[in-house]
Amino acid sequence: MNATISNFHYGAITPVSAYLMACLGAALGLRCTTRSLRRPHGRARWLALGAVSIGCGIWTMHFIAMIGFSIQGALVSYDTTRTLLSLAVAIAVVAVGVFLVGYRGGSPVNLAVAGTITGLGVAAMHYLGMSAMHTAGALHYDTLTVVLSVVIAVVAATAALWAAVSIHGLWASLGASLVMGVAVTGMHYTGMAAVSVHLDGQTVASQSPTGLMGFLLLMLAGPLAALLVAAVIVMFDPDMMLGDSDSDGWDRPASAPHGTGTGIGTPTPAQQPGQHPSTYPPSGQHPSSYQSW
């Protein structure tokens, strides 16, 4: 007997909350990646924090959305080990993609490789999380819809990685995170549209019990705490909220002339009394040869 399932048992609360968490994780991940590009000496730490932020955001989105999932006539429970394993997979695959683009750049080939790995990993996280679900029946998936969800995951992951290395302004990053939230949440609900449940004939309940919500909220506590810590680090880092890429000259062209004062962050040498600007530094000598430079 095919059961009636719903992804919106609590109305718009779960999809909207899931979308907001996906946006939060994406926004924090983008800002952390920007920070890694601004200060290469701490790149690994910031990329790691970005990967944790994006991974926790995606995983939190998934299981907040699953709070609203119900099967009419059956109870739903989750295996703790597989649920936590899906969180580890989410963070690990995002880390692979983020570190690839963080260290090897955003070339089309590199983005394609990193985006494919990350997208397949996000899809694996989703279906691993679904495999952790136990109910009085068997879950079946529509193949074409599953393939579509995987394609959406790969495209979304590639777009996210491109944004991470290409968009550095604060408001642009926030706008990109809203779009990424749509893509990630859309992937989840596309995957859920592929699900059908064949019950074994024993009907026990018509909605998700309070105990299930309590379990999922307990599982969400850790990732939510990680996102909160990341948000505090981002908010209190002085460079993070300076969205303009030229605020400290981190992406100034290497060919910019020394001492011209045309780029923010480029020091302008002090002019000595009576000395014409054109004579400082003397012709043929690089400013670095002066102690006062």
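Here goes a summary of the coordinates provided. (Residues numbered from 1 in each chain as written. Predicted model: local features only at pLDDT ≥ 70, side-chain atom pairs only at ≥ 80, totals over all residues. Heavy atoms only, no water.)

1. Examining the overall build of the protein
Here is the rule we go by: A run of H or I in DSSP counts as a helix once it spans at least four residues, and a run of E counts as a strand once it spans at least two, with each numbered from the N terminus. Think of it in three bands: residues with accessible area under 20% of the maximum for their type are buried, residues over 50% are exposed, and the middle band is partly exposed, with areas taken using a 1.4 Å probe on protein chains only. Only heavy atoms matter for contacts: two residues are in contact if any of them lie within 4.5 Å across the pair. Where accessible areas are quoted, they stem from the Shrake-Rupley method and a 1.4 Å probe; at the residue level, only the protein chains shown are allowed to cover.
Scanning the protein for helices and strands turns up 7 helices and 6 strands. Walking the protein from its N terminus toward its C terminus, one meets helices and strands in the order β-α-α-β-β-α-α-β-β-α-α-β-α. Split into buried and exposed, the 293 residues of the protein put 45% on the buried side. For the protein, restricting intrachain contacts to residue pairs at least 6 apart in sequence, the fraction spanning at least 24 positions comes to 84%. Total accessible area on the protein is roughly 14,000 Å²; 67% of this is exposed by carbon and sulfur atoms.

2. Considerations on the pairing of strand β6 (residues 195-199)
The line we're drawing: If DSSP finds at least two bridges between two strands, the strands pair.
Every second residue of β6 is oriented toward a common face, the buried set being V195, V197 and L199 and the non-buried set S196 and H198. Relative to β6, strand β5 (residues 137-141) runs antiparallel, the two sharing 5 bridges. Looking across to β6, one finds that G137 is bridged to L199.

3. With respect to a nonpolar patch on the surface
So the rule is basically this: Here a patch means residues that are over 30% exposed by relative accessible area and free of salt bridges, tied together within 9 Å if like-charged and within 5 Å if nonpolar (Val, Leu, Ile, Met, Phe, Trp, Tyr). Here, a salt bridge means any side-chain nitrogen of Lys or Arg that lies within 4 Å of a carboxyl oxygen of Asp or Glu.
Residues V96, V109, V113 and I117 make up a contiguous nonpolar surface patch of about 320 Å² in total accessible area. Here the nonpolar patch takes 3 residues from helix α4 (residues 108-131), the largest share from any one element. Note on placement: V109 falls in helix α4. Classification of V109 by relative accessible area gives exposed; the value is 62%.

4. Considerations on empty space enclosed by the protein
How we decide: Grid points spaced at 1 Å and placed over the protein atoms alone form the basis of the search, with a cavity being a set where a 1.4 Å probe fits but cannot get out and a pocket an open set showing protein on both sides within 12 Å along at least five of seven lines. Lining residues have an atom within 4 Å of a point. Grid points are joined across faces, edges and corners, and a volume is the space filled by probe spheres set on the points. Think of it as three bins: nonpolar holds Ala, Val, Leu, Ile, Met, Phe, Trp, Tyr, Cys and Pro, charged holds Asp, Glu, Lys and Arg, and polar takes everything else, Gly as well.
Taken as a whole and judged by the stated rule, the model has 1 cavity of 30 Å³ or more. Counted as a void, the largest cavity has a volume near 190 Å³. As for the largest cavity, its lining consists of 18 residues, of which I54, I58, A157, A160 and V184 are closest to the centre. Sorting the residues of the lining of the largest cavity by element identifies α1 (13-38), α2 (43-67), α3 (80-104), α4, α5 (143-166) and α6 (170-193) as the ones contributing at least two each. For the lining of the largest cavity, the leading source of residues is α5, giving 5 residues. A per-class count over the lining of the largest cavity returns 15 nonpolar, 3 polar and no charged.

5. Topic: the packing of α1 against α6
To keep it simple, the criterion reads: In this analysis an axis means a line fitted to C-alpha atoms, helices contributing only their contacting stretch, and an angle means the value between N-to-C directions, from 0 to 180 degrees. By the definition adopted for this analysis, an angle is roughly parallel if under 35 degrees, roughly antiparallel if over 145, roughly perpendicular if from 65 to 115, and oblique otherwise. In this scheme the handedness of a crossing depends on how the near helix is turned from the far one: anticlockwise by less than a right angle means left-handed, clockwise means right-handed.
Following both chains from N to C, one finds α1 and α6 inclined at 135 degrees, their axes separated by 7 Å at the closest point. Overall, the two elements α1 and α6 adopt an arrangement that is oblique. Note on packing geometry: the crossing formed by α1 with α6 is right-handed. Here T14, P15, A18, Y19, A22, C23, A26, A27, L30 and R31 of α1 lie close against α6, whose contacting residues are L170, S173, L174, A176, S177, L178, M180, G181, V182, V184, T185 and Y189. Across the contact of α1 with α6, the residue classes break down as 16 nonpolar, 5 polar and 1 charged.

6. Brief notes about the nonpolar core
What counts is decided by this rule: Here, nonpolar core refers to any group of buried Ala, Val, Leu, Ile, Met, Phe, Trp, Tyr and Cys residues whose side-chain atoms link them within 4.5 Å.
Of all hydrophobic cores here, the largest spans 59 residues; its most connected members are I58, W59, M66, I71 and Y78. In terms of residue count, α2 provides more of this core than any other element does, 14 residues in total. Those residues in contact with Y78, other than ones at most four positions away along the chain, are F63, M66, T83, G129, A132, M133, H134, L212, F215 and L216. The next biggest cluster of nonpolar side chains, apart from the first, holds 8 residues, and it includes A160, A163, A164 and M180.

7. Here we look at the packing of aromatic side chains
The criterion, for reference: Aromatic pairing here means that ring centres of Phe, Tyr or Trp (its six-membered ring) are within 6.5 Å. Orientation follows from the plane angle: under 30 degrees is stacked, over 60 is edge-to-face, and everything else is tilted. Comment: the charge-over-ring label is applied if NZ (Lys) or CZ (Arg) is within 6 Å of the ring centre and within 35 degrees of the ring normal.
For the structure shown, the criterion picks out 6 aromatic pairs. Aromatic pair W59 and F63: ring centres 4.7 Å apart, planes at 45 degrees, arrangement tilted. Placement of both W59 and F63 in helix α2 is noted, with a separation of 4 residues, approximately one turn of the helix. The exposure class of F63 is buried, given its relative accessible area of 1%. A connected cluster of aromatic rings, assembled from ring pairs, spans W59, F63, Y78 and F215. We note R43 situated over the ring of Y103; from NZ or CZ to the ring centre the distance is 5.7 Å.

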